[in-house]
Amino acid sequence: MKRVIFGAVSALCILTAQGGFAQDTQTLADIRQEAAVLSVEITKLTRELSTTGAPNTAFAGESTLERVDLMEAALSRLTAKVEELEYRIGQVVKDGTNQLDDLNFRLCELEAGCDIGALPPLEPLGGVAETAPAVASGPGADAPMDGVGSMAMTEQSDFDHAMGLYEEAQFEDAAAAFEMFAMTYTGGSLTGESQFMRGEALTQLGQTSEAARAYLDSFSTAPEGDRAPSALLRLGMSLAALGQTDRGCVMLTEVGNRFPGAPEDAEAQAARQTIGCP
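Residues numbered from 1 in each chain as written. Predicted model: local features only at pLDDT ≥ 70, side-chain atom pairs only at ≥ 80, totals over all residues. Heavy atoms only, no water.

### Description of the packing of aromatic side chains
In this description, an aromatic ring pair is defined by two values, namely the gap between the centres and the angle between the planes.
Part 1 of the argument: Scanning all chains against the criterion turns up 5 aromatic pairs.
Part 2 of the argument: Taken together through their ring pairs, the aromatic side chains of Phe159, Phe178, Phe181 and Tyr185 make up a single cluster. (Phe/Tyr/Trp six-rings, centres within 6.5 Å; stacked < 30°, edge-to-face > 60°.)

Dropping the structure here:
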């Protein structure tokens with residue numbers, strides 16, 4: 001799969017670079033964990049510098065000091081990065097919450113009978129830390145939590161809205177809606193589907209280059225998903241339409257290699273003959 005994605009990226013070099021498709025998944029917790037590990041290692045090395053009456057032949061003095069210095073420098077960088085991220089996240093939460101609070105205040109002014117003084121305090125963006133609720137027992141115990149169910153309903157509703165625009169042939173608005181959906185629900189169950197449909201909308205608009213990028217995003221997001229064969233097929237055809245015939249042929253060949261027997265396999269073979277692939 002990496003070879004497929006790399007080939008497609010090379011073929012799409014005329015598009016705006018997006019820094020690759022493998023996003024940096026390091027989280028704040030990962031950084032904290034790494035800092036903790038480094039701190040432990042520094043403690044171990046520092047302890048080795050303390051004489052116990054017998055020479056430590058495992059580490060030369062200068063080598064150990066250099067290792068300690070490197071560890072301390074790395075720990076300092078990680079600590080600074082954690083503090084920077086904490087500050088930036090705090091500012092985003094603070095500014096976003098203030099703006100929502102202001103909008104809430106303005107909406108209340110427009111509504112008849114709304115008591116501004118009775119408005120409940122706005123919960124910070126992202127919510128507040130809570131302990132996990134106790135597991136319910138008895139009838140209805142396996143019902144999903146309200147927050148999870150509400151999120152799923154909102155995701156499906158937003159997707160259905162974008163799909164409605166596409167079905168009404170409002171392709172420009174549909175492409176924008178699918179793009180916003182993919183950004184909002186990154187990693188969701190419908191993200192790959194939304195990226196594929198964005199490609200379909202862009203194809204209808206004649207924006208083949210952007211459509212190819214959307215198909216590649218769809219395949220990269222869910223390389224084993226239901227839309228993966230179609231995304232790879234459309235990507236190959238789009239590349240060929242952009243004059244990248246060799247790369248397009250490679251992508252079309254990969255449809256059969258990765259999804260033998262799929263309906264898209266037969267379409268890919270027909271497309272290869274039309275394009276004139278060797």
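This is not the end of the story, as more comes after the structure.
### Concerning the nonpolar core
Part 1 of the argument: Counting 36 residues, the largest nonpolar core has Tyr166, Phe178, Leu232 and Leu235 as its most contacted members.
Part 2 of the argument: Going through the elements one at a time, helix H4 (146-167), helix H5 (171-184), helix H6 (191-204), helix H7 (208-221), helix H8 (228-241), helix H9 (245-258) and helix H10 (263-275) are the ones with two or more residues in this core. (Core = buried A, V, L, I, M, F, W, Y, C linked by side-chain atoms within 4.5 Å. Buried < 20%, exposed > 50% of the residue type's maximum accessible area, 1.4 Å probe, protein only. Helix = DSSP H or I, 4+ residues; strand = E, 2+ residues; numbered from the N terminus.)

### Section: the environment of Ala182
Part 1 of the argument: Looking at the element boundaries, Ala182 is found in helix H5.
Part 2 of the argument: Sequence separation of Ala182 and Asp217 is 35 residues, and the distance between their C-alpha atoms is 10.0 Å.
Part 3 of the argument: The contact partners of Ala182, leaving out residues within four places of it in the chain, are Thr191, Ser194 and Gln195. (Contact = heavy atoms within 4.5 Å.)

### Comments concerning the state of the cysteines
Part 1 of the argument: Scanning all chains against the criterion turns up 1 disulfide.
Part 2 of the argument: Between the sulfur of Cys249 and that of Cys277 lies a disulfide, 1.9 Å long from S to S. As the torsion about the S-S bond is roughly -85 degrees, the Cys249-Cys277 disulfide counts as left-handed. Here the residue Cys249 occupies a position in helix H9, and Cys277 occupies one in the segment after H10, the gap between them amounting to 28 residues.
Part 3 of the argument: Residue classification places Cys277 among the buried residues on the basis of a relative accessible area of 15%. (Disulfide = S-S within 2.5 Å.)

### Section: H10
Part 1 of the argument: Taking 1.5 Å as the rise per residue, H10 with 13 residues should run 18 Å; its terminal C-alpha atoms sit 19 Å apart, in good agreement.
Part 2 of the argument: Contact partners of the buried residues in H10: H8 and H9.
Part 3 of the argument: Gly276, located one to two residues past H10, shows a positive phi value of around 90 degrees. (Expected span 1.5 Å × (residues − 1).)

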